[in-house]
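# Structure at a glance
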Amino acid sequence: MAEPMQVEVVSADRVVWSGKSSNIIAKTVEGEIGILPGHEPVLGVLVPSAVVIFCEDNPTREIIAVEGGFISASQGRVSILSEYARMADEVTVAEAEKELAEAQRVLDSGDGSDEDRKHFLRATAQLRAAQKAQ
Amino acid sequence: MPASLRELRQRRASVTTIKKVTRAMELIAASRIIKAQQRAQSAAPYARELTRAVSAVATFSNVDHPLTTEAENPTRAAVLLITSDRGLAGAYSSSVIKEGEKLNQMLREANREPVPYLAGRKSIAFYGFRRRNVAAKWEGFSDAPTYGHAREIADALIEAFLAPTEEGGVDEIHVVFTRFVSMLTQRVDVIRMLPLEVVEGEEPPPSDEILPLYEFEPDAETVLDELLPLYVASRIHYCLLQGAASELASRQKAMKSATDNAQQLIERLTREANQARQAEITQEISEIVGGASALAEASAAAE
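Source: prediction; values computed, not measured.

### Things to note about the nonpolar core
- Residues Ile64 of chain A together with Ala78, Leu80, Ile82 and Leu227 of chain B are the most contacted members of the largest nonpolar core, which totals 101 residues.
- In terms of residue count, the dominant contributor to this core is helix α5 (residues 220-302) of chain B (19 residues).
- Residue contributions to this core reach at least three from each of two domains, namely domain 1 (5-87) and domain 2 (91-133) of chain A.
- Ignoring anything within four residues of it in the chain, the contact list for Ile82 of chain B reads Val96, Ala119, Gly120, Val175, Val176, Phe177, Cys239, Leu240 and Gly243 of chain B.

In structure tokens:
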């Protein structure tokens, strides 16, 4: 098997996760993409979703909620960039559901500004990540 | 006649209080610099990865993007000034404003109309006092800017940049901010934010190696569309963070010299007060001696 990939997940103000991984599953605008070591160089636009990273020492896996952003893989390095990214274990399903409901309410009542819609998408991603982590 | 003893003591007491205040401000600024530097450091990986991605697209594909194309005949240029919200930071805000004035002058000479965008209460006050028109202003976060603030500013600037010039758009965007070189040195810097020039390219691979061809999802144009605004926001975030660290550093420096000056003043006033006290005592003694001898002479004459 090829060497594990060096992965970095960064949000605007911090490094959320970094380590070695043997398999990454993310969701781009064209659909799910799985990245194994030795993948061809790729640069994809992510949708708000949960990214699953299988660590080098399986079976542990990391699930990270991202609010859009990018995944870029080249020469054994993968970086996932998002203005907002959060580890799934930092938030519980109940919390995520509450936030989603709140965002939904704001979106339904208000005129749906960009900020509100962004918040809604972020909450969706968070809930998905939290559910996957269970 | 020198000031009275009471007056000198009063002045010394008031200078002592001022010294306490400036000393406290110095310590507060010093402790916040560390936090500001940490924030700047933790934002660095994002900026690094983003730059890498942008240069990957720029190097491995040849797409033209509105954010990277130069206007043929630029007539309006946005100037973003990053200053502080509060004073007592030495020349921090005024040197940014001064540099901005210089830039405005330069732009006018090149037949471009400067359009001010202001961040920080100090520059807003400067422009407000002179009743100049301001395109947009932000305040209230100069010493602890978050990514959200940077995003807000970036969105406004990009919107203006993409709008046609006749409808209030701009052709160029310049940023005046203070670069944090070290605790002792902060330098005012002017950068051209848009149209973009990606300078930190990925290391050029040796010529005999085949370039890795990036696969773009969905395609290079969409990727660039998404990437560049983020890149601009991250650059502005960087400028804001540098500004915050510089503001705190120059505040610390200013407050340190204020404390030192207060200490000198206290020493001088103490010395003057001691002199005045001594003079008073000497006078009292000579008065007593004079009075006693006058009494002695009077009684001698009576006998």
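### A word on the domain arrangement of chain A
Residue and element names in this part refer to chain A.
- Domains assigned within chain A are domain 1 (5-87) and domain 2 (91-133).
- Placing a centre on the C-alpha atoms of domain 1 and another on those of domain 2 gives a separation of 21 Å.
- Residue-level contacts link 11 residues of domain 1 with 10 residues of domain 2.
- Among the elements of the structure, β5 (49-55) and β6 (61-66) are those that each provide at least two residues to the side of domain 1 that touches domain 2.
- It is β6 that provides the largest number of residues to the side of domain 1 that touches domain 2, a total of 4 residues.
- Classifying every residue of the side of domain 1 that touches domain 2 by side-chain character gives 8 nonpolar, 1 polar and 2 charged.

### Looking at unusual backbone geometry
Residue and element names in this part refer to chain B.
- Each neighbour pair has its own omega, and for Leu194 with Pro195 the value is -5 degrees, a cis peptide bond.
- Non-glycine residue Asn111 carries a positive phi angle of around 65 degrees.
- Phi is positive for Arg131, which is not a glycine, with a value near 55 degrees.
- When you line up the elements, Arg131 lands in the loop between α3 (121-129) and β3 (136-138).
- For Arg131, a count of 6 C-beta atoms within 10 Å corresponds to the exposed category.

### Some thoughts on the environment of Arg23 of chain B
- Relative to the helices and strands, Arg23 of chain B resides in helix α1 (residues 5-60).
- Through-space distance from the C-alpha of Arg23 of chain B to that of Ala262 of chain B is 9.9 Å; in sequence the pair is 239 residues apart.

### Concerning the interface of chain A and chain B
- Listed as interface residues are 23 residues of chain A and, on the opposing side, 24 residues of chain B.
- Mapped onto the side of chain A that touches chain B, the elements with two or more residues apiece are β1 (5-11), β2 (14-28), β4 (42-45), β7 (70-74) and β8 (77-81) of chain A.
- In terms of residues, the side of chain A that touches chain B owes the most to one element, β4 of chain A, which gives 4 residues.
- Here the residues of the side of chain A that touches chain B are counted per class, giving 10 nonpolar, 7 polar and 6 charged.

### Looking at the sheet that holds strand β5 (residues 186-194) of chain B
Residue and element names in this part refer to chain B.
- Reading across the sheet, the 5 strands line up as β3-β2-β1-β4-β5 and stay open at both edges, with mixed pairing between neighbours. Of all the strands in the sheet, just β3 and β5 have a single pairing partner and so form its edges. Taken over all neighbouring pairs, the strand axes of this sheet differ in orientation by 25 degrees on average, direction set aside.
- By the bridge criterion, 7 bridges tie strand β1 (residues 76-82) to strand β2 (residues 113-119) in an arrangement that is parallel. Bridge pairing in β2 places Ala77 opposite Pro114.
- The strands touched by helix α4 (residues 147-162) within the sheet are β1, β2, β3, β4 (172-180) and β5, with β3 carrying the most contacts at an inclination of about 175 degrees.

### A short note on the environment of Pro229 of chain B
All names here are of chain B.
- Structurally, Pro229 is set in helix α5.
- Its 16 C-beta neighbours within 10 Å are what place Pro229 among the partly exposed residues.
- Placed 41 residues apart in sequence, Pro229 and Thr270 show a C-alpha to C-alpha distance of 61 Å.
- With near-sequence residues (within four places) excluded, Pro229 lies in contact with Ala154 and Ile158.

### A short note on the packing of α4 of chain B against α5 of chain B
All names here are of chain B.
- Contact pair α4 / α5: the axes reach a minimum separation of 8 Å and the direction vectors enclose 125 degrees. Here α4 is positioned oblique relative to α5, judged by the angle of their axes. Taken as a pair, α4 and α5 cross one another with a handedness that is right-handed. Here Tyr147, His149, Ala150, Arg151, Ile153, Ala154 and Ile158 of α4 lie close against α5, whose contacting residues are Pro229, Val232, Ala233, Ile236, His237 and Leu240.

Parameters at a glance
Residues numbered from 1 in each chain as written. Chains lettered and ligands numbered in written order. Predicted model: local features only at pLDDT ≥ 70, side-chain atom pairs only at ≥ 80, totals over all residues. Core = buried A, V, L, I, M, F, W, Y, C linked by C-beta atoms within 7 Å. Buried ≥ 20, exposed ≤ 12 C-beta atoms within 10 Å, placed from the backbone. Helix = DSSP H or I, 4+ residues; strand = E, 2+ residues; numbered from the N terminus. Domains from an automatic or database assignment. Contact = placed C-beta atoms within 7 Å. Nonpolar A, V, L, I, M, F, W, Y, C, P; charged D, E, K, R; others polar. Pairing = 2+ DSSP bridges. Axes fitted to C-alpha atoms, helices over the stretch in contact; angles between N-to-C directions. Parallel < 35°, antiparallel > 145°, perpendicular 65-115°, else oblique. Left-handed = near helix turned anticlockwise from the far one by under 90°.

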